[in-house]
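So the chains spell out like this:
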Amino acid sequence: MCASFVTRRAVVKGGLAAAAAQFPRPFVVTARAADTVKIGLDNPLTGTYAAPGKNELIGCQLALDEINAKGGVLGRMAELISEDSTSGDAGTAVQKARKLIDGDHVDFLLGNVNSALSLAMAQVSNEKGILHIVPGGHTDAVTGASCHWNVFRVCNMTQMEANAVAASLVKEYGKNFYYITPDYAFGHTLEDGMVRAIKALGGTRVGGDLTPLGSTDFSAVLIKAQAANPDVIVFLTQGEDMINALKQAVQFGLQDRIHLAGAQQELEPLEGLPPEARIGTWVMEWYWNQPGVPHVDAFVDAIKKRTGRVPTARNWFGYVSGWTCALAAAKANSLKAVDMAKALQDFHLPPEIALGPNPAFYRAGQNQLMATLFVGNAQAKGEADDDLFKVTKTVAGADAAGTVEDSGCKMTWPA
Amino acid sequence: MTQLLLFNVFNGLIVGAFYALMALGLSLILNLSGIINFAHGGFLALGAYLAYTLIPWIGFWGALIVAPLLTAALGLVVERVLIRPLYGGDPLYSLLLTFGLAYIFEDLSRLVWGAQGLPFAVPRWLTTPLSSQFFFLTGYRLFMIAIVAVAVGGLFAILGYTRLGMRIRAGTRDLDTVATLGVNTRLLRSLNFGLGIYIAGLAGVLAAGLLGLSPTIGSSLIMPSFVAIIVGGLGSLLGTLLGGLLIGVASGLTAVFLPAAQEAIIYVMMGLVLLARPRGLLGEEGRLH
């Protein structure tokens, strides 16, 4: 008597099908229209690098909203298509890059947080002749030995970070250094860079260990590091590895005997550490608390509106990457990758995008952004909430970068 | 060098005890119900995040008690709704289900608590070294060992001396016979699952004090637990305990000579055990065949 046309099973199946249908879609699509200029972001949204990947996405979205509010790219609205590259699977990152280029016909490719994935994606973008911006993959090769005419990088080369911090460490803390280094492309080049920079200043490497990416337990290597009796333990780990390593080092009380330091530090891991473990000397690639530098406050407010927190360097990387696409197209008055790449040679970012005390420009012949490096110390609490870093010195990117020849980049342009 | 080796053996025992705690929960569920619970790491992360959320209200000690209980309650719901229909079926189904659940848990914690690491603080007096010579013996690590000892002791006491424990042990040997004797095996499996998940939640709270609290905390810790079970032997909780301690020490000693291989060594050990003694050190022959 109570005939039912829809069974419970059918509802469940329908619900599941609807849920499944969500998956093949790109994660975020904004301002979709037929004649949009498409920017494809292929960056981690899951795994170890989910946090930096998401923050770059937020910065990029802000840039696109601003670009569209100002009339878009060459009069067309800009659209962001974001894909999850995963944190460490080069196969997936490359497949997503091909999907963005061949399937979505993007005009620009952005990514990746992971150095190795950046290099893999750069091969694809070069083969396809697409303008590619690497927001935050640091290994030197991206704009060094493996540089390509179409690949530009916003974050620093690892050597720049090493050069920026080395002098402070040798001068203030001693000459014997022990390294805890993540065992992949980024870690290797960063350690090489640090060893080179410190050796030039008279310091020595008394020991070091490579730790697998995603390590949870650092106690054994910390015991070894302590036994080597160095003046400084240099932590080159990143993200969650940085949190795990520093948290355990501080629980061991190592900071009372040995100075803890490193090259690259980010706001994300500092926020993830308990206050007592926010210590050490580091380099930040961008910092939000820059009194007196114009336009920074407006950027801080804009990001705060979206996330409720102050911007991190990753937000800025994403922001600069998004804006670079629009600025390159405007300067070249074209969406042809070669024209835009040529327009970006020695191109200076306007101050409202550069957001630092020094000029920021893409160095010609290498496509590497020369911005500002912020050297200083992590702090438990600063003047404001989230002010977890005390900047003691700023270094102009060009002063820390060496020459284009040093980088090993030999750029060849398409005929 | 001798001192370095000794330090690392002790340190390895501490780390291994923690692996063993996680593995015991897994082992408990696997032994009675034949469920290979890949979502164990997800429950562990949930325990840690619940503790983080509760600490401002009830403090670290309150959270240490309440968070694992809440995790176990959720475990009971998951068991009732999702896992129960798969009992008696091909273990592959439950493996696939829990594998999917692990991803769902990870992404849910990312959605609720954010992708970024959170500052999980434990009482300051626990996180200082007890002596400058044995600096790796911090209050927190000894506290962890104590908790592991109490949890393991409690678990073995429950299994050895309570009616529930006897039924779990009997069910582990032959569930059908236990059922024909009038024991409610559904309830037995539920309670056993809840107990296993309680241990996962407890391990989660302890892990968050030592590591960064992020959505991947569970997935990064789950593999050593599986290895501990395989090395120790399926079907034997004592074997699981031994397996955990062994891989902890092996990993610690490897770190002295070749730190890059400190994770690989536990898989090498697993391979060697599987080659030389496929049932594991204390395992029973023919489990899960």
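Residues numbered from 1 in each chain as written. Chains lettered and ligands numbered in written order. Predicted model: local features only at pLDDT ≥ 70, side-chain atom pairs only at ≥ 80, totals over all residues.

Engineer: Tell me what's going on with the overall build of chain A, and back it up with residues and numbers.
Structural biologist: Across its full length, chain A holds 15 helices and 15 strands. Relative to the compact-globule value of 22 Å for 415 residues, chain A shows a C-alpha radius of gyration of 22 Å, a close match. A burial count over chain A gives 56% of its 415 residues as buried. Long-range contacts, defined as pairs at least 24 residues apart, comprise 71% of the intrachain contacts of chain A with a sequence gap of at least 6. (Helix = DSSP H or I, 4+ residues; strand = E, 2+ residues; numbered from the N terminus. Rg over C-alpha atoms; globule rule 2.2 N^0.38 Å. Buried ≥ 20, exposed ≤ 12 C-beta atoms within 10 Å, placed from the backbone. Contact = placed C-beta atoms within 7 Å.)

Engineer: Give me the overall build of chain B: which residues, what numbers.
Structural biologist: From N to C terminus, chain B includes nine helices and zero strands. The C-alpha radius of gyration of chain B comes to 19 Å, within 12% of the 19 Å expected for a compact globule of 289 residues. When its C-alpha atoms are laid out on the principal axes, chain B stretches across 60 × 50 × 35 Å. Going through the 289 residues of chain B one by one, you find that 53% of them count as buried. In chain B, 74% of the contacts between residues at least 6 apart in sequence involve partners at least 24 apart.

Engineer: Kindly report on the packing of helix H2 (residues 40-83) of chain B against helix H7 (residues 217-232) of chain B, identifying the contributing residues and their values.
Structural biologist: Residues and elements named next belong to chain B. Viewed as axis vectors pointing N to C, H2 and H7 meet at an angle of 130°, and their least axial separation amounts to 8 Å. By the angle between their directions, the pair H2 and H7 is classed as oblique. Relative to H7, the crossing made by H2 is right-handed. Contact with H2, carried on its side by His40, Gly41, Gly42, Leu44, Ala45 and Ala48, involves Ile217, Gly218, Ser219, Leu221, Ile222 and Ser225 of H7 and no other residues of that element. For the contact of H2 with H7, the residue count by class is six nonpolar, six polar and no charged. (Axes fitted to C-alpha atoms, helices over the stretch in contact; angles between N-to-C directions. Parallel < 35°, antiparallel > 145°, perpendicular 65-115°, else oblique. Left-handed = near helix turned anticlockwise from the far one by under 90°. Nonpolar A, V, L, I, M, F, W, Y, C, P; charged D, E, K, R; others polar.)

Engineer: For the pairing of strand E3 (residues 78-84) of chain A, give the residues involved together with the corresponding values.
Structural biologist: Residue and element names in this part refer to chain A. E3 sits mainly inside the fold: six of its seven residues count as buried. Strand direction decides the pairing type here: strand E2 (residues 37-43) and E3, joined by seven bridges, are parallel. What sits directly across from Leu41, in E3, is Ser82. In this fold, the crossover linking E2 to E3 by way of helix H2 (residues 50-69) has right-handed handedness. (Pairing = 2+ DSSP bridges. Right-handed = clockwise from strand over helix to strand, strands pointing away.)

Engineer: So, the domain arrangement of chain A: which residues are in play, and what are the values?
Structural biologist: Residues and elements named next belong to chain A. Here the domain parsing of chain A yields domain 1 (26-156 + 290-370) and domain 2 (159-284). With centres defined by C-alpha atoms, the gap from domain 1 to domain 2 works out at 29 Å. Contacts between domain 1 and domain 2 engage 14 residues on the former and 15 residues on the latter. Elements supplying a minimum of two residues to the side of domain 1 that touches domain 2: H2, helix H4 (115-128) and helix H11 (313-332). At three residues, H2 tops the list of elements feeding residues into the side of domain 1 that touches domain 2. Of the residues belonging to the side of domain 1 that touches domain 2, the class tally is five nonpolar, seven polar and two charged. (Domains from an automatic or database assignment.)

Engineer: Can you break down helix H3 (residues 90-103) of chain A residue by residue, with the values?
Structural biologist: Residue and element names in this part refer to chain A. Its 14 residues place the ends of H3 19 Å apart at the C-alpha level, agreeing with the 20 Å of an ideal helix rising 1.5 Å per residue. Within H3 the residues assigned to the buried category are Ala93, Lys96, Ala97, Leu100 and Ile101. Buried residues of H3 fall within an arc of 130° about the axis and therefore sit on the same side. Facing away from the buried side of H3, by more than 90 degrees, are the exposed residues Gly91, Asp102 and Gly103. Residues of H3 that are buried make contact with E2, E3, strand E4 (108-110) and H4. Of the residues one or two after H3, His105 is the one with positive phi, at around 55°. (Expected span 1.5 Å × (residues − 1). Arc of directions from axis to C-beta.)

Engineer: Tell me about the packing of helix H7 (residues 219-227) of chain A against helix H8 (residues 237-257) of chain B, and please be specific about residues and values.
Structural biologist: Close contact between H7(A) and H8(B) brings their axes to 9 Å; oriented N to C, the two are set at 40°. Between H7(A) and H8(B) lies a crossing of right-handed hand. Within the contact between the two elements, H7(A) uses A:Ala220, A:Val221 and A:Lys224 and H8(B) uses B:Gly252, B:Ala255 and B:Val256. Considered class by class, the residues forming the contact of H7(A) with H8(B) number four nonpolar, one polar and one charged.

Engineer: Explain the nonpolar core residue by residue, including any values.
Structural biologist: With 132 residues, the main nonpolar core has A:Ile233 and A:Val234 as its most contacted residues. At eleven residues, H11(A) tops the list of elements feeding residues into this core. Looking at which domains feed residues into this core, each of domain 1 (26-156 + 290-370) and domain 2 (159-284) of chain A supplies at least three. In contact with A:Ile233, other than residues within four places in its own chain, are A:Tyr178, A:Ile180, A:Ala225, A:Leu254, A:Ile258 and A:Leu260. Counting residues in each nonpolar core, the second largest holds 80 residues, with B:Phe38, B:Leu46, B:Ile83 and B:Ile247 among its members. (Core = buried A, V, L, I, M, F, W, Y, C linked by C-beta atoms within 7 Å.)

Engineer: Could you give an account of the sheet that holds strand E11 (residues 281-284) of chain A, naming the residues involved and the relevant values?
Structural biologist: Residue and element names in this part refer to chain A. A sheet is described by the order of its strands in space; here seven strands give the open sequence E8-E7-E9-E10-E11-E14-E15, paired in mixed fashion. Where the open sheet ends on each side, the last strands, each with one partner, are strand E8 (204-211) and strand E15 (389-396). Strand-to-strand, the axes of this sheet are offset by a mean angle of 25°, without reference to chain direction. Examined bridge by bridge, strand E7 (residues 176-182) and strand E9 (residues 232-235) share four bridges and lie parallel to one another. Bridge pairing in E9 places Ile180 opposite Phe235.

Engineer: Lay out the environment of A:Asp339 with the relevant residues and their values.
Structural biologist: All names here are of chain A. Following the sequence through the fold, Asp339 ends up in helix H12 (residues 337-343). On the basis of neighbour count, Asp339 is assigned to the partly exposed category, with 16 C-beta atoms found within 10 Å. It is 42 Å that separates the C-alpha atoms of Asp339 and Ala378, two residues lying 39 residues apart in sequence. With near-sequence residues (within four places) excluded, Asp339 lies in contact with Ala332 and Ser334.

Engineer: Kindly report on the environment of B:Ser251, identifying the contributing residues and their values.
Structural biologist: All names here are of chain B. Assignment of secondary structure puts Ser251 in helix H8. Judged by the 27 C-beta atoms lying within 10 Å of it, Ser251 falls in the buried class. Excluding anything up to four places from it in sequence, Ser251 contacts Gly12, Val15, Gln262, Ile265 and Ile266.

Engineer: Let's hear about helix H9 (residues 264-276) of chain B: which residues, and what values?
Structural biologist: Residue and element names in this part refer to chain B. The first and last C-alpha atoms of H9 sit 18 Å apart over 13 residues, in line with the 18 Å expected at 1.5 Å per residue. Along H9, the residues that are buried comprise Ile266, Met270 and Val273. Within H9, the buried residues cover an arc of 65° as seen down the axis, which keeps them to one side. Relative to its buried face, H9 has exposed residues pointing more than 90 degrees away, namely Val268, Gly271, Leu272, Leu275 and Ala276. Against the buried residues of H9 lie H7 and H8.

Engineer: I'd like a rundown of unusual backbone geometry, residues and numbers included.
Structural biologist: All names here are of chain A. Unlike most non-glycine residues, Leu74 shows phi in positive territory, near 50°. Residue placement: Leu74 occurs in the loop between H2 and E3. In this structure, Leu355 takes a positive phi of about 50° despite not being glycine. Given 27 C-beta atoms within 10 Å, Leu355 falls into the buried group.

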